[in-house]
Amino acid sequence: MHAVVMESLEEYLSGTLKPAALRDIEAHLSSCAACRDEVAGMQEISALFREMAPQETIQPVPGFYNRVMRQVGGRRAAPAFASLFSLDLAFGRRVVFASLLVLAALGGYLVSRESEFPGGPSPDVVMAQQESPSFEGAPAHEAMLATMTSYEP
Amino acid sequence: MGSLSGVLPLPFGSKVAQKTRVDYQNTTEGALVQRAQAGDEAAFREIVDRYQNKVFSIIHGIVRQRNDVEDIAQQVFAKVYLSLKSFDFRSSLITWIYKITVNECFDYLRKRKVRKLVYESDMSEDEVRRVENSEPSVARQAPMDDTLARRDYVVKLLTRVSEEERHLLMLKEVEGFSVEELAEKTGMNENTIKVKLFRARQKLVKAAQRLERSPGLVTG
């Protein structure tokens, strides 16, 4: 939109522009299609706003103030869970900071556990653990059976 | 205007005189607000008495649902009461209350739309079709309903701009304030108001073009 229109757009749309400025704008609009289209769109929408103007007066029913104060009381009595955080930003920040600390500690613990078996125990080690006899001279499962049969309550 | 004029080369300012800001704190209304801020219930009651008719009119102009006007007005004044301490006298009290009222209305319309969507999602396709057919279409309705359709359309367009832009447009277009009066009421300078209104109007035109391209959105 060109400066000559932009300068006085609000007054032009509300019909309060002085005759000299109005002549300038209209002379420009008659020769500039881009400005003409844009202003026409704005005028169309501006006219729609008339529908939002109050068309009848609605009087509050007596006792309105008391009902407002009941609303106030209700809002004070039952603060929403989310508002606990919004009311006290410092508290919210502390909760977030504490959560991050816990996450960092947990992460550190898991990493240190992983480093005991870099890349995990090798298949040979696993096999050796499973096959290592816990009872001398017999495979593990046989030793277990022997233990169970000899069990006396 | 600072960065705004840097981004958008506007000629505003060449003819606009800069006004001294109104000191809203040192007025009779400012004294009333300060009493209410200090916990004086009588002062708050006076604020409600002074502005309740105005708030009711604004709400009715936007939502047009008589039955819901009082509920929304209660929410507005409850919000005014609970946040009055944060009112910093940068604008007039009614401008601040106006802003809260417009926001509350659009919040109400948004919730009503969500409720409608949830309600329709619980219905079968046949039921939705039956309800839609039982609602009179815009074309078949009396002129009064045509007015309502236009109001719904402008409300829909206004959901496409920011809260501040909506507030300024409403004050300019519905309340009929001049740029000079807006500057006085909001505490912003006239150039800033002109830039903000210009951008808001451009957004509305673009939103209207988008809605025209996809007509389904107009009724949605």
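Every value quoted in this text rests on a predicted model; they were computed, and no experiment measured them.

Student: In this structure, what is going on with the overall build of chain A? I would like to understand it.
Tutor: Each helix and strand counted, chain A has nine helices and zero strands in total. Its helices and strands taken in sequence order, chain A reads α-α-α-α-α-α-α-α-α from the N to the C terminus. Looking at chain A residue by residue over its 153 residues, the buried ones come to 11%. Partitioning the intrachain contacts of chain A with sequence separation of at least 6 by distance along the chain shows that 34% fall at a separation of at least 24.

Student: What am I meant to see in the overall build of chain B here?
Tutor: For chain B, the count of helices and strands is 11 helices and zero strands. Its helices and strands taken in sequence order, chain B reads α-α-α-α-α-α-α-α-α-α-α from the N to the C terminus. In chain B, which comprises 220 residues, the share counted as buried stands at 31%. Restricting to contacts in chain B with at least 6 residues of sequence separation, those with at least 24 account for 68%.

Student: What am I meant to see in the interface of chain B and chain A here?
Tutor: Interfaces are frequently sized by the accessible area removed from exposure as the parts join. The partner chain A presents 28 residues to the 38 residues of chain B that form the contact. Secondary structure elements with two or more residues in the side of chain B that touches chain A: α3 (41-63), α4 (66-83), α7 (143-158), α8 (163-174) and α10 (190-213) of chain B. Counting residues per element, the side of chain B that touches chain A draws most heavily on α4 of chain B, which supplies 10 residues.

Student: What exactly am I supposed to notice about the packing of helix α9 (residues 179-186) of chain B against α10 of chain B here?
Tutor: Packed helix pairs are characterised by how far apart their axes lie and by the angle those axes make with each other. Residues and elements named next belong to chain B. For the pair α9 and α10, the least separation of the axes is 9 Å and the interaxial angle reads 110 degrees. The angle between the axes of α9 and α10 places the two elements in the roughly perpendicular class. The residues of α10 that touch α9, namely those facing Val179, Glu180, Leu182 and Ala183, are Glu190, Ile193 and Lys194. Here the contact of α9 with α10 is composed, by residue class, of four nonpolar, no polar and three charged.

Student: Sorry, what's going on with the confidence of the model for chain B here?
Tutor: As a general rule, the predicted coordinates of low-pLDDT regions are not to be interpreted in detail. Residue and element names in this part refer to chain B. Confidence in the prediction of chain B, expressed as mean pLDDT, is 81, and 74% of residues score 70 or more. Below pLDDT 50 for its whole length, residues 1-9 participates in nine contacts with residues either more than four positions away or in separate chains. Segment residues 135-142: pLDDT under 50, and five contacts once partners within four positions in sequence are set aside and those in other chains are kept. Scoring of the predicted complex yields 0.67 for pTM and 0.71 for ipTM.

Student: What am I meant to see in the nonpolar core here?
Tutor: For soluble globular proteins, nonpolar side chains are generally found buried alongside one another. Membership of the largest hydrophobic core comes to 56 residues, with the highest contact counts inside it found for Val55, Ile59, Ala73 and Phe77 of chain B. By residue number, the principal contributor to this core is α3 of chain B, which donates 10 residues. Dropping the residues within four chain positions of it, Phe77 of chain B is found in contact with Val68 of chain A together with Val48 of chain B.

Student: Just to check I follow, could you spell out α3 of chain B for this structure?
Tutor: Residues and elements named next belong to chain B. Within α3, the axis deviates most sharply at Tyr51, by approximately 50 degrees. Listed in full, the buried residues belonging to α3 are Phe44, Ile47, Val48, Tyr51, Val55, Phe56, Ile58, Ile59, His60, Gly61, Ile62 and Val63. Looking one or two residues past α3, Arg64 carries a phi angle of roughly 60 degrees, positive in sign.

Student: Can you help me understand the packing of α3 of chain B against α4 of chain B in this one?
Tutor: Residues and elements named next belong to chain B. It is the contact of α3 with α4, at a shortest axis distance of 9 Å, that shows an interaxial angle of 135 degrees. With respect to their mutual orientation, α3 and α4 come out oblique. The way α3 lies across α4 gives a crossing that is right-handed. Where α3 abuts α4, its residues Phe44, Val48, Gln52, Val55, Phe56, Ile59, His60 and Val63 lie against Asp68, Val69, Ile72, Ala73, Val76, Phe77 and Tyr81.

Student: For this particular structure, what's the right way to read unusual backbone geometry?
Tutor: Keep in mind that most residues, glycine aside, have a negative phi and that most peptide bonds are trans. Residues and elements named next belong to chain B. With a phi angle near 60 degrees, Arg64 is a residue other than glycine that sits in the positive phi range. Among the secondary structure elements, Arg64 is positioned in the loop between α3 and α4. Judged by C-beta crowding, with 17 C-beta atoms within 10 Å, Arg64 ranks as partly exposed. Its identity as a non-glycine residue notwithstanding, Phe89 has a phi of 65 degrees, on the positive side. Looking at the element boundaries, Phe89 is found in the loop between α4 and α5 (93-121).

Student: Honestly, the environment of Ala36 of chain B in this entry has me stumped. Any pointers?
Tutor: All names here are of chain B. Mapped onto the elements, Ala36 comes out in helix α2 (residues 28-37). Of the residues examined, Ala36 has 23 C-beta atoms within 10 Å and is grouped as buried. If we skip the residues at most four places from it in the chain, Ala36 touches Ala43, Phe44, Ile47 and Leu84.

Student: How do you make sense of the environment of Arg110 of chain B when you look at a structure like this?
Tutor: Residues and elements named next belong to chain B. When you line up the elements, Arg110 lands in helix α5. Exposure remark for Arg110: the 11 C-beta atoms within 10 Å place this residue in the exposed category. For the pair Arg110 and Thr159, spaced 49 residues apart in sequence, the C-alpha separation works out to 9.1 Å.

Definitions and limits used
Residues numbered from 1 in each chain as written. Chains lettered and ligands numbered in written order. Predicted model: local features only at pLDDT ≥ 70, side-chain atom pairs only at ≥ 80, totals over all residues. Helix = DSSP H or I, 4+ residues; strand = E, 2+ residues; numbered from the N terminus. Buried ≥ 20, exposed ≤ 12 C-beta atoms within 10 Å, placed from the backbone. Contact = placed C-beta atoms within 7 Å. Axes fitted to C-alpha atoms, helices over the stretch in contact; angles between N-to-C directions. Parallel < 35°, antiparallel > 145°, perpendicular 65-115°, else oblique. Nonpolar A, V, L, I, M, F, W, Y, C, P; charged D, E, K, R; others polar. pLDDT = per-residue confidence, 0-100. Core = buried A, V, L, I, M, F, W, Y, C linked by C-beta atoms within 7 Å. Bend = angle between axes of the 7 residues up to and from the residue. Left-handed = near helix turned anticlockwise from the far one by under 90°.

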